[in-house]
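# Structural characterization, general
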Amino acid sequence: MPLRWEDAAVRALAAKLSGYPEELPPLIHASRRIGSDPGLVLHGGGNTSAKVVETDIFGDAERRLYVKGSGVDMASIGVEGFSVLRLDPIRRLRDIADPPEADLQNHLAVHRAAAGSPDPSMETLLHAFLPHRFVFHCHADALLVLTHQSNPRALIRSVLGEKAAVIPYARPGLSLARAAVEAYEKSPHIDAMVVLHHGLFTFAEDAKEAYNRMQALVKKAASYIRKGLKASGRVAVSLKGASPASRARDAARVSQVIRGTVARKDRNGGIQRRLVVLRESPELIRASLCPEAGKICRSGVLTPDHAIRTRNRMVHLDTVPKADTALKDAVERAVSRFEKDYAGYLTGQKRSPERDVRPGETWPCLFLVAGFGLFAAGETLQAAHTAADIGAHTVSAKWKAFSLGTYRPIPEAHVRDMEVWPLQRKKLKRPEAPLSGQVALVTGGGGAIGHGIARCLLAAGATVMLTDVDARRLEKSVDLLSRRFGGDRIASTAFDVTDAKAVEKGFETTSLRFGGVDLVVPNAGIAHVAKIEDLDPETLDRVTAVNFKGTFTTLKAAVPVFKRQGTGGNIVVISSKNVFDPGAAFSAYSASKAAAHQMAKIAAIELAPLGVRVNMINPDAVFGDENVCSGLWECIGPERMRCRGLSPEGLQDYYCQRSLLKARVTAEHVGHAVVFFAAGKTPTTGASLPVDAGIPAAFPR
Ligand SMILES: [Zn+2]
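Every value quoted in this text rests on a predicted model; they were computed, and no experiment measured them.

### Regarding the coordination of the zinc ion
The protein atoms donating to the zinc ion are E123 (OE), H137 (NE2), H139 (NE2) and H198 (NE2), with metal-donor distances spanning 2.1 to 2.5 Å. Because the angles between the 4 donor atoms bound to the zinc ion fall within 73 to 163°, the donor set is best described as irregular. Every donor residue of the zinc ion comes from the same chain, spaced as E-x13-H-x1-H-x58-H. Taken together, the residues H139 in the loop between β4 (134-138) and α6 (141-147) and H198 in the loop between β6 (192-195) and β7 (199-204) connect sequence positions 59 residues apart.

So, in structure tokens, the structure goes:
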């Protein structure tokens, strides 16, 4: 549903923006409305402007342009999201021969009226040259379906009417801005402009009028498409067939294989991993199975602005083999074909120093997979979601275009030109955190150590799936982490590590959410205090089931994921100081931890050929804090003290004093050790790292 203009919202903004020109509140309102409608713009696309008069420091009136900052997301824009420019010096650019790109950018930089305002949108010159007070621009899907039909000019005129001019595609900049203002001067009755293969501009003296006009024109285009689709007789493909459980299992396998196939070695010999997300709406699944699915993947972006987020093509997989080796073969073949073609496409340009492409940027971001939907890969989770959103709109718009008649792609040279333009590439943010791109699965995430590990992993840039058998404790832990790090890189799924099927399902859920797993931290554990003569066999079974079998089920479930990804990884088993230095009345815990420790060493031997390192951390006496308590210590702490003939109140002090360093060991200390192993800076596997403030009897040997 299109968002309606609300005068009350404009008044509310005006009350907050006293001292700013009167054009600002309606400009911000319109921008937020346009930015919040994914049918109009996606992820920072589109732009808006207002021409105002303000006084400078000398009290002289100056004409200024408030134009959306480059890459700023309009959905949440405020005054600080606009670049403020002196209008007259910018408009003079219309009358000179094309200056070099650097000179043009310099001109825009030095004529900033607000020094701290962001870089202006790439379409700034068009906004500046048109005389109207308000100019709004979007990349509406419905419009783009029309501009990609054959003979789009006549079609657009017949659908939108005579007051919408149609101008040919040109890269945003001087030539597009000149073409736009010339079209307006030639036909001053027009109140909107469609740039072929790009989008829609509306303009007026009044913001509400320009906004409502944008909505009305998009509505006309959408209703034309709706009627056409109805007439085409295309019906939705039935999604019956595979059961939801087997579809989910296969979708997780596809994600893992795609993720592994698009990972690349980085300059330091490490691996640059991607996150992979899935969009599986019925519409996308229908498009993935339609006769034009291959053409949809080959025919490029809807508008060149999208290419830096999605590339100009997608991979099409028409079947998903049941066997992993066949699936890997199919994906690898498709990716290698894609990369070869894409390298050819990128180098088809004229070489120039300012148009250089980063090597390795030929890996595909989007995969349309028959019967499953659209998988999207990105260097960050945000980048993967952006590619997925844009890709989903692209597939849907093309399916409509094919259903109406045809889809005529944008000439590749136009897209390439935009895709490699340094100004456009500046919008891309490169991840720099040491674990960015890595997905971690941590068990026992509701307790103090699991929480501390997750906190350190998130701080180091990883994406984390936190798990625990206790859904309530897990939720509290994740809630605290989301508040600190934002919610997108942390998710949770509750399962019992003693149930092998549930653990497998946990890895599947993680893969469907993030693409796969690179770091596995078997951390779930329970303890019991009793001398052997008092230990009943059922209790021993219970402790062993969590501490030993739970480590085994987690290790086992990780192996097929690592195999499908083929990019190595890390397992860090949270062992215990007690494995080296056991104490009386603690046999169930110490023996089950020792078994898990031994199994981890064997995993190190078995998984080395996959490039997976397995290491152990041996902490001692990690107590919780006021936010997340240690369930284990709450349960056994007082008993352990009584066993030593000491009072339970002195628990933390006792453990602190018995170490060489007399230091308190925290959950974050354990987390830092996990980050060390996950960063893969040393070729270490099968090692034990004590995090115990120094206990000579527990020195590994
Ligand atoms: Zn645009």
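### Regarding the sheet that holds strand β15 (residues 463-468)
The sheet built from 7 strands is open, its strands ordered β16-β15-β14-β17-β18-β19-β20 with parallel pairing. The open sheet terminates on both sides in strands that have one partner only, identified here as β16 (490-494) and β20 (688-691). Put simply, the sheet's adjacent strands are angled 20° from each other on average, direction ignored. Set on the sheet, helix α18 (residues 448-459) makes contact with β14 (439-442), β15, β16, β17 (519-521), β18 (569-574) and β19 (612-619); between it and β15 the angle comes to about 170°.

### What about the packing of helix α14 (residues 324-347) against helix α16 (residues 412-419)?
Axis separation between α14 and α16 bottoms out at 9 Å; the angle between their running directions is 85°. If you check the angle between α14 and α16, you find them roughly perpendicular. Seen from α14, the contacting residues are Y342, Y345 and L346; seen from α16, they are E412, V415, R416 and E419. Of the residues that constitute the contact of α14 with α16, the class distribution is 4 nonpolar, no polar and 3 charged.

### Some remarks on the domain arrangement of the chain
Split into domains, the chain comes out as domain 1 (7-232), domain 2 (244-425) and domain 3 (439-693). Between the C-alpha centres of domain 1 and domain 3 the distance comes to 54 Å.

### A word on the environment of K426
By secondary structure assignment, the location of K426 is in the loop between α17 (422-425) and β14. With 355 residues separating them along the chain, K426 and G71 place their C-alpha atoms 9.0 Å apart. There is a polar contact of 3.1 Å between the side chain of K426 and the side chain of D119.

### Observations regarding the sheet that holds strand β13 (residues 373-378)
Here we have 4 strands laid out as an open sheet, ordered β10-β13-β12-β11, and mixed in their pairing. Looking at which strands have only one partner, the edges of the open sheet turn out to be β10 (275-279) and β11 (315-317). Within the sheet, the average angular offset between the axes of one strand and its neighbour, ignoring direction, is 20°. Looking at chain direction, strand β12 (residues 366-369) and β13 are connected through 4 bridges and run antiparallel. Within the sheet, the bridge partner assigned to V369 lies in β13 and is G373. Set on the sheet, α14 makes contact with β11 and β12; between it and β11 the angle comes to about 155°. Each of β10, β12 and β13 touches helix α15 (residues 381-404); the most contacted strand, β13, lies at about 145° to it.

### Some words on the nonpolar core
In this structure, I34, F136, L200, F367 and F375 are the most contacted members of the largest nonpolar core, which totals 107 residues. The element contributing the most residues to this core is α15, with 10 residues. Apart from residues no more than four positions distant in its own chain, L200 is found in contact with F136, H137, C138, L143, A192, M193, V194, M214, L217 and V218. Counting residues in hydrophobic clusters, the runner-up holds 34 residues, among them A440, L457, F485 and I490.

### Topic: the packing of aromatic side chains
For the structure shown, the criterion picks out 10 aromatic pairs. A centroid spacing of 6.1 Å and a plane angle of 45° characterise the contact between F402 and Y407, whose relative ring orientation is tilted. Judged on exposure class, the residue F402 and its partner Y407 are both buried. Measuring from ring centre to ring centre gives 4.8 Å for F586 and Y589, while their planes differ by 25°; the resulting arrangement is stacked. In this pair, the class of F586 matches that of Y589, namely buried. Among the aromatic residues, those joined into a cluster by ring pairs are F338, Y342 and Y345. We note R171 situated over the ring of W421; from NZ or CZ to the ring centre the distance is 3.7 Å. Looking at R274, its charged tip hangs above the ring of W363, at a distance of 3.9 Å from the centre.

### Quick word on unusual backbone geometry
Phi at H197 is positive, roughly 60°, even though this residue is not glycine. Structurally, the position occupied by H197 is in the loop between β6 and β7.

### So, a nonpolar patch on the surface
Together, L660, L661 and F699 make up a nonpolar patch on the protein surface, roughly 340 Å² of accessible area in all. Within the fold, L660 resides in the loop between α24 (651-657) and α25 (667-679). Its relative accessible area of 52% is what places L660 among the exposed residues.

### A look at the pattern of salt bridges
Where charged atoms of side chains with opposite charge meet at close range, the side chains can pair. All told, the structure shown has 39 salt bridges when counted by the stated rule. The closest approach of N and O atoms between R253 and D250, which form a salt bridge, is 2.8 Å. Taken together, the residues span about one helical turn, with R253 and D250 both in helix α10 (residues 244-262) at a distance of 3 residues. This pair shows no difference in class: R253 is buried, exactly as D250 is.

### Considering the packing of helix α9 (residues 207-232) against α15
The interhelical angle for the contact between α9 and α15, taken along N-to-C directions, is 60°, at an axis separation of 9 Å. Accordingly, the angle class assigned to the pair α9 and α15 is oblique. As α9 runs across α15, the sense of the crossing is left-handed. The residues of α15 that touch α9, namely those facing Y224, I225, G228, L229 and S232, are W399, K400, S403 and L404. Partitioned by chemical class, the residues of the contact of α9 with α15 number 5 nonpolar, 3 polar and 1 charged.

### Let's talk about α16
Considered for burial, the residues of α16 that qualify are V415, R416, M418 and E419. Projected down its long axis, α16 carries its buried residues within an arc of 165°, all on one side. Looking at the buried positions of α16, the neighbouring elements they touch are α13 (307-310), α14 and α17.

### Description of the pairing of β7
Among the 6 residues of β7, 6 are classified as buried, and the element is accordingly described as predominantly covered. Of the two faces of β7, the one carrying G199, F201 and F203 and the one carrying L200, T202 and A204 are both buried. One ladder, built from 5 bridges, connects β4 with β7; its direction is antiparallel. Within the sheet, the bridge partner assigned to V135 lies in β7 and is F203. Relative to β7, β6 runs antiparallel, the two being bridged by 4 bridges.

Rules and cut-offs
Residues numbered from 1 in each chain as written. Predicted model: local features only at pLDDT ≥ 70, side-chain atom pairs only at ≥ 80, totals over all residues. Heavy atoms only, no water. Donors = N, O, S within 2.8 Å, 3.2 Å for Na, K, Ca; no water. Tetrahedral: all angles 85-135°; square planar, octahedral: opposite > 155°, others 65-115°. Helix = DSSP H or I, 4+ residues; strand = E, 2+ residues; numbered from the N terminus. Pairing = 2+ DSSP bridges. Axes fitted to C-alpha atoms, helices over the stretch in contact; angles between N-to-C directions. Contact = heavy atoms within 4.5 Å. Parallel < 35°, antiparallel > 145°, perpendicular 65-115°, else oblique. Nonpolar A, V, L, I, M, F, W, Y, C, P; charged D, E, K, R; others polar. Domains from an automatic or database assignment. Polar contact = N/O pair within 3.5 Å; in protein donor to acceptor, adjacent residues only side chain to side chain. Core = buried A, V, L, I, M, F, W, Y, C linked by side-chain atoms within 4.5 Å. Buried < 20%, exposed > 50% of the residue type's maximum accessible area, 1.4 Å probe, protein only. Phe/Tyr/Trp six-rings, centres within 6.5 Å; stacked < 30°, edge-to-face > 60°. Lys NZ or Arg CZ within 6 Å of the ring centre and 35° of its normal. Patch = residues over 30% accessible without salt bridge, like charges linked within 9 Å, V, L, I, M, F, W, Y side chains within 5 Å. Areas by Shrake-Rupley, 256 points an atom, 1.4 Å probe, with all protein chains shown as cover. Salt bridge = Lys/Arg side-chain N within 4 Å of Asp/Glu carboxyl O. Left-handed = near helix turned anticlockwise from the far one by under 90°. Arc of directions from axis to C-beta.

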